[in-house]
Amino acid sequence: MARRKKVYEGKAKVLFEGPEPGTLVQYFKDDASAFNNTKRGIITGKGVLNNRISEYIMTRLNDVGVPTHFVRRLNMREQLIKELEIIPVEVVVRNVSAGSISTRLGIPEGTPLPRSIVEYRYKSAELGNPMVSEEHITAFGWANTQDLDDMLALALRINDVLSGLFFGVGIRLVDFRLEFGRLYLDEEMQIVVADEISPDNCRLWDMDTGEKMDKDRFRHDLGRVEEGYQEVARRLGILPESGPRDLKGPKVMQ
Ligand code: TMP
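Residues numbered from 1 in each chain as written. Predicted model: local features only at pLDDT ≥ 70, side-chain atom pairs only at ≥ 80, totals over all residues. Heavy atoms only, no water.

J.: Is there a simple way to explain the overall build of the chain in this structure?
T.: Across its full length, the chain carries six helices and 13 strands. Computed over C-alpha atoms, the radius of gyration of the chain comes to 18 Å, within 12% of the 18 Å expected from 2.2 N^0.38 for 254 residues, which places it in the range of a compact globule. With the C-alpha coordinates of the chain rotated into their principal frame, the extents come out at 55 × 45 × 35 Å. For the chain, with 254 residues in total, the buried portion stands at 49%. For the chain, contacts bridging at least 24 residues in sequence account for 58% of all contacts bridging at least 6. About 12500 Å² of surface is accessible on the chain, with carbon and sulfur atoms providing 51% of the total. Across the chain, the mean location of the 36 positive side-chain charges is 6 Å away from that of the 39 negative side-chain charges. (Helix = DSSP H or I, 4+ residues; strand = E, 2+ residues; numbered from the N terminus. Rg over C-alpha atoms; globule rule 2.2 N^0.38 Å. Buried < 20%, exposed > 50% of the residue type's maximum accessible area, 1.4 Å probe, protein only. Contact = heavy atoms within 4.5 Å. Areas by Shrake-Rupley, 256 points an atom, 1.4 Å probe, with all protein chains shown as cover. Lys, Arg positive; Asp, Glu negative; His and termini not counted. Charge placed at Lys NZ, Arg CZ, Asp CG, Glu CD.)

J.: Teacher, can you tell me more about the side chain of K13 here?
T.: Topologically, K13 is positioned in strand β2 (residues 13-17). Taking the relative accessible area as the measure of exposure, K13 reaches 12% and is therefore buried. A polar atom in the side chain of K13 sits 2.9 Å from the side chain of D195. At 2.6 Å, the side chain of K13 and the side chain of E196 are in polar contact. Excluding its chain neighbours within four sequence positions, the residues that come into contact with K13 are Q26, Y27, F28, K29, D195 and E196. (Polar contact = N/O pair within 3.5 Å; in protein donor to acceptor, adjacent residues only side chain to side chain.)

J.: What should I look at first to understand the environment of G45 in this one?
T.: With respect to the secondary-structure elements, G45 resides in the loop between β5 (39-42) and α1 (46-63). C-alpha of G45 to C-alpha of V93: the two residues are 48 residues apart in sequence and 27 Å apart in space. Once residues within four sequence positions are removed from consideration, G45 is found in contact with D30, R77 and L247.

J.: Help me understand the packing of α1 against helix α4 (residues 145-167) in this model?
T.: Each pair of packed helices can be described by the angle between their axes along with the distance between the axes. Put simply, α1 and α4 touch, their axes get as near as 11 Å, and they point 125° apart. One way to sum up the angle between α1 and α4 is to call them oblique. The way α1 lies across α4 gives a crossing that is right-handed. In this structure, α1 uses Y56, I57, R60 and L61 to contact α4, whose residues at the interface are I158, V161, L162, L165 and F166. The residue makeup of the contact of α1 with α4, split by class, is eight nonpolar, no polar and one charged. (Axes fitted to C-alpha atoms, helices over the stretch in contact; angles between N-to-C directions. Parallel < 35°, antiparallel > 145°, perpendicular 65-115°, else oblique. Left-handed = near helix turned anticlockwise from the far one by under 90°. Nonpolar A, V, L, I, M, F, W, Y, C, P; charged D, E, K, R; others polar.)

Given below as structure tokens:
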């Protein structure tokens, strides 16, 4: 097989040059990290499941007119995506108090929020992705007000779509984190959803039992981490064809 050029390697994914200009191949690893990379581990089969789950969610979003970078899944661990100019701002949408908002503001975990709350974080691993306001984002030129308007509108729309999608399979969408990028088409620029949407960057709780089915199982050593991801995929109807034995998948080619 021809060697491919690695463009970027993150904690959970690798990006390779794509087959055509303006495309990339996104490879999903089993590696997991938390608390700004101070906790690390492997969640067996996570890459295969997140590739499927993110494909499913991005496809649903594309179907309802939310633009995403997703083009198509290539194999068990890889998907073809459009190359974007990544905006260095993470957008977090929260419906129920959990994680850092509970710690920061002393709101007990599980408290429904009066309305969906959007937070921004500056994408800088060295700084621990600090929370920032729209003022910081526009003043430092990470995004302009039009970009921010588009990101906010898309984030709230995605929250509506995903809350309904997960509600339909008995899962509460507690919160999630999005990334966006700029896609240039001739003279036009469009703000597009990037990265992945999976149990790595969503909090997903069973509607009846409150059981966590996301990366918090890894973050807080709750056990049965793989099973959480598998259960999300199973409920969405997208477990790999031959079941959990299919989860290891091929090794990354470099
Ligand atoms: P937080 O409560 O820790 O701020 O997390 C909010 C959401 O963002 C939650 O769904 C997990 C996700 N998240 C990431 O995707 N990456 C991160 O580095 C962190 C800290 C959280």
